[in-house]
Amino acid sequence: MPFIELATQGESSNAIVNTDHIAFVTEGVYGPCMHFNSGEHIVCVAEMDELKAVLASTPLKAGAPETFLLREAETPQDAGAPLET
């Protein structure tokens, strides 16, 4: 299963997504919206072009997820911790 981590809008700031379950992506009022086979969806922080590039890349399989679209202003971190990108 390929996983990616995305910065999202809403209750939680990040989501780990199994790309095998993405049904389609649309450009919504609040940004790109990723729809899943289950009927659920998330709104992404990135622009549509950034999201297309991430989905076209080759994510890791069944290990630690790759991290994409995390921006310093949107990523909570400890004072001494390095920024994950």
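Predicted model only: the values in this text are computed from it and were never measured.

**Student:** Help me understand the overall build of the protein chain, please; the structure alone is not making it clear to me.
**Tutor:** When helices and strands are counted, the protein chain shows 1 helix and 6 strands. From first element to last, N terminus to C terminus, the protein chain shows the α and β order β-β-β-β-β-α-β. Taking all 85 residues of the protein chain together, 34% fall into the buried category. Across the protein chain, the fraction of contacts at a sequence separation of at least 24, relative to all contacts at a separation of at least 6, is 38%. In the form shown here, the protein chain has an accessible surface area of approximately 5500 Å², with 54% of it arising from carbon and sulfur atoms.

**Student:** Would you mind going over the pairing of strand β4 (residues 31–36) with me for this structure?
**Tutor:** Note on strand geometry: in a regular strand, side chains alternate between the two faces of the sheet. Within β4, 6 of the 6 residues are buried, which leaves the element mostly enclosed by the surrounding structure. Here β4 pairs with strand β5 (residues 41–43) via 3 bridges, running antiparallel. Residue pairing across strands places C33 opposite V43, the latter belonging to β5. With antiparallel pairing between neighbouring strands as the criterion, β4 and β5 make up a hairpin whose turn holds 4 residues, including G39 at a positive phi of roughly 100°.

**Student:** Before we go on, may I ask you to explain the state of the cysteines in this structure?
**Tutor:** One pass over the structure, following the stated rule, counts 0 disulfides. Here C44 is not cross-linked by a disulfide; its sulfur's nearest cysteine counterpart is in C33, at 7.6 Å.

**Student:** I'm lost on the sheet that holds β5 in this one. Help?
**Tutor:** Sheet strands pair by backbone hydrogen bonding; their relative direction is either parallel or antiparallel. Here 3 strands make up an open sheet; going across it, the order is β3-β4-β5 and the pairing antiparallel. Among the strands making up the open sheet, the edge pair consists of β3 (22–28) and β5. Along the sheet, successive strands turn relative to each other by an average axial angle of 20°, direction set aside. Note that β3 and β4 share 6 bridges and pair antiparallel. The residue bridging T26 from the neighbouring strand is C33, located in β4. Here helix α1 (residues 48–56) sits on the sheet in contact with β3 and β4, set at roughly 165° to β3.

Here is what the cut-offs are and how they apply
- Residue positions are given per chain, counted from 1 along the sequence in the order it is written.
- Given that this is a predicted model, residues contribute local features only at a pLDDT of at least 70 and side-chain atom pairs are listed and counted only at 80 or more, while totals for whole chains, interfaces and linings are drawn from all residues.
- Excluded from the side-chain calculations are hydrogens and water; all other atoms, namely the structure's heavy atoms, are used.
- Only runs of H or I of at least four residues qualify as helices and only runs of E of at least two qualify as strands under DSSP, and these elements are numbered from the N terminus.
- Between buried and exposed lies partly exposed: a residue is buried under 20% and exposed over 50% of the maximum accessible area for its type, with that area taken using a 1.4 Å probe on protein chains only.
- Contacts are residue-level and defined by heavy atoms, with any inter-residue pair within 4.5 Å sufficient.
- Shrake-Rupley sampling with a 1.4 Å probe provides the accessible areas, and residues are treated as covered by the protein chains on show and by no other component.
- A pair of strands is labelled paired if DSSP reports no fewer than 2 bridges between them.
- Cysteine sulfur pairs qualify as disulfides if the two atoms are within 2.5 Å.
- Axes here mean lines fitted to C-alpha atoms, for a helix over just the part in contact, with angles spanning 0 to 180 degrees between N-to-C directions.

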